[in-house]
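Next come the chains, spelled out residue by residue.
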Amino acid sequence: MARVEHDLSQAELADQVGVSRQTIGLIELGKYNPTLNLCLAICHSLDRTLDELFWEKPE
Amino acid sequence: MGLFKKQNHEDERITNIKNKIYAEIYILVIVISIISIVMKYFIYDFGIEGTVTELIILILGTVYYMFRSTRLGVVSAEIEMHDRKSKWSQQKKNLFYGVSLGIGIALFFGINSAVQYAEGVRQSINYFLVTALGSLMIYLPFFLIILVVGNDVLKKKSDKAVNQMLEDGESGDNNEKY
């Protein structure tokens, strides 16, 4: 997982992107759909592209 | 032809705008209710009985928000976000508000009693002290219980709701590294 590779806890990533820890947790579980702005903030924090973090192949 | 085929996704832009409008409507309802209470109570002299409907709207709205935000874990998230940005934690602020409200109301009742019912300086001071201290003994614990203990209870319930949401998956980390 990209967050773990960056040695970040959910709380630390949440702090960096300006959301609560619960929001990060729910995004990781696929229970919350973040806005594009939040996706980009997470990508910038983890130095990854949108594709790498959020792309899912269509069923 | 697929003309009447159900769409899988709603237009989220429209949903977001509608939600924003609903939030504005709620603020409008609160403002109208407060204006109505002020006018009925102070201008038309209806007494507190005449403002029951507005009070019910305000109280039920607040209770519903508290209930839903606790069940959905929003209270914990809000406190976390607040404590991250603010110098004073939410709990310290609640303590400060509780004490301020208790002292403020006690002073108001004390002054009101001294001005309305007392004759002479000595009696005014006596009335002020008795009423203010009596009110302080009632309202200080009341506001402290409502604001500090109440908020703590809501936060605990909200934490529980969030943990339950996060427990369902594999990567809930309870604020630890992994």
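The structure displayed is predicted, hence computed values, not measured ones.

1. Notes on the overall build of chain B
No. 1: A count of helices and strands for chain B gives 5 helices and 0 strands.
No. 2: Put simply, chain B runs from its N terminus to its C terminus through helices and strands in the order α-α-α-α-α.
No. 3: Among the 178 residues that make up chain B, the fraction classed as buried is 19%.
No. 4: Across chain B, the fraction of contacts at a sequence separation of at least 24, relative to all contacts at a separation of at least 6, is 58%.
No. 5: If you sum the accessible surface of chain B, you get close to 13900 Å²; carbon and sulfur atoms cover 66% of it.

2. What to know about the environment of Thr70(B)
No. 1: Checked against the element boundaries, Thr70(B) lands in helix α2 (residues 52-71).
No. 2: Other than its neighbours up to four places away in sequence, Thr70(B) contacts Val75(B), Leu154(B), Lys157(B), Ser158(B) and Ala161(B).

3. A short note on unusual backbone geometry
Negative phi characterises most residues that are not glycine, and trans characterises most peptide bonds.
No. 1: Although it is not a glycine, Asp7(A) adopts a positive phi angle of roughly 55°.
No. 2: Examined against the element boundaries, Asp7(A) turns out to sit in the loop between α1 (2-5) and α2 (10-17).

4. A word on the state of the cysteines
Should the sulfur atoms of two cysteines be covalently bonded, the bond is a disulfide.
Residues and elements named next belong to chain A.
No. 1: Throughout the structure, instances matching the rule amount to 0 disulfides over all chains.
No. 2: Lacking any disulfide linkage, Cys 39 is separated from the closest cysteine sulfur, that of Cys 43, by 6.6 Å.
No. 3: On the basis of relative accessible area, Cys 39 is assigned to the buried category, the value being 8%.

5. So, the confidence of the model for chain B
Residues and elements named next belong to chain B.
No. 1: Across chain B, pLDDT averages 88, with 89% of residues at or above 70.
No. 2: Below pLDDT 50 for its whole length, residues 170-178 participates in 25 contacts with residues either more than four positions away or in separate chains.
No. 3: Both confidence scores are given for the complex: pTM 0.75, ipTM 0.78.

6. Comments concerning the environment of Gln16(A)
Residues and elements named next belong to chain A.
No. 1: By secondary structure assignment, the location of Gln 16 is in helix α2.
No. 2: Among the residues examined, Gln 16 registers a relative accessible area of 46% and is labelled partly exposed.
No. 3: Residues Gln 16 and Leu 46, spaced 30 residues apart in sequence, show a C-alpha to C-alpha distance of 9.9 Å.
No. 4: In contact with Gln 16, not counting residues within four places along its chain, are Leu 8 and Ser 45.
No. 5: One polar contact links Gln 16 to Ser 45, side chain to side chain, over a distance of 3.1 Å.

7. Observations concerning the pattern of salt bridges
Residues and elements named next belong to chain A.
No. 1: Following the criterion strictly, the structure yields 7 salt bridges over all chains and no others.
No. 2: A salt bridge links Glu 28 to Arg 3, with the nearest nitrogen and oxygen atoms 2.5 Å apart. In this pair, Glu 28 is assigned in helix α3 (residues 21-28) and Arg 3 in helix α1, connecting sequence segments 25 residues apart.
No. 3: Glu 28 gets classed as partly exposed once you look at its relative accessible area, which sits at 26%.

8. Re helix α4 (residues 90-117) of chain B
All names here are of chain B.
No. 1: Helix length check: α4 (28 residues) gives 40 Å between terminal C-alpha atoms against 40 Å at 1.5 Å per residue, within 8%.
No. 2: Among all positions of α4, only Gln 90, Asn 94, Gly 98, Gly 102, Ala 106, Gly 110, Ser 113 and Ala 114 are buried.
No. 3: In this structure, the buried side of α4 is in contact with α3 (74-85) and α5 (121-167).

9. A short note on the packing of α4(B) against α5(B)
All names here are of chain B.
No. 1: Relative orientation of the contacting elements α4 and α5 amounts to 155°, with a least axis distance of 7 Å. By the angle class used here, α4 and α5 are roughly antiparallel. Regarding α4 and α5, the two cross each other, and that crossing is right-handed.
No. 2: Partitioned by chemical class, the residues of the contact of α4 with α5 number 22 nonpolar, 11 polar and 1 charged.

Rules used throughout
- Residues numbered from 1 in each chain as written.
- Chains lettered and ligands numbered in written order.
- Predicted model: local features only at pLDDT ≥ 70, side-chain atom pairs only at ≥ 80, totals over all residues.
- Heavy atoms only, no water.
- Helix = DSSP H or I, 4+ residues; strand = E, 2+ residues; numbered from the N terminus.
- Buried < 20%, exposed > 50% of the residue type's maximum accessible area, 1.4 Å probe, protein only.
- Contact = heavy atoms within 4.5 Å.
- Areas by Shrake-Rupley, 256 points an atom, 1.4 Å probe, with all protein chains shown as cover.
- Disulfide = S-S within 2.5 Å.
- pLDDT = per-residue confidence, 0-100.
- Polar contact = N/O pair within 3.5 Å; in protein donor to acceptor, adjacent residues only side chain to side chain.
- Salt bridge = Lys/Arg side-chain N within 4 Å of Asp/Glu carboxyl O.
- Expected span 1.5 Å × (residues − 1).
- Axes fitted to C-alpha atoms, helices over the stretch in contact; angles between N-to-C directions.
- Parallel < 35°, antiparallel > 145°, perpendicular 65-115°, else oblique.
- Left-handed = near helix turned anticlockwise from the far one by under 90°.
- Nonpolar A, V, L, I, M, F, W, Y, C, P; charged D, E, K, R; others polar.

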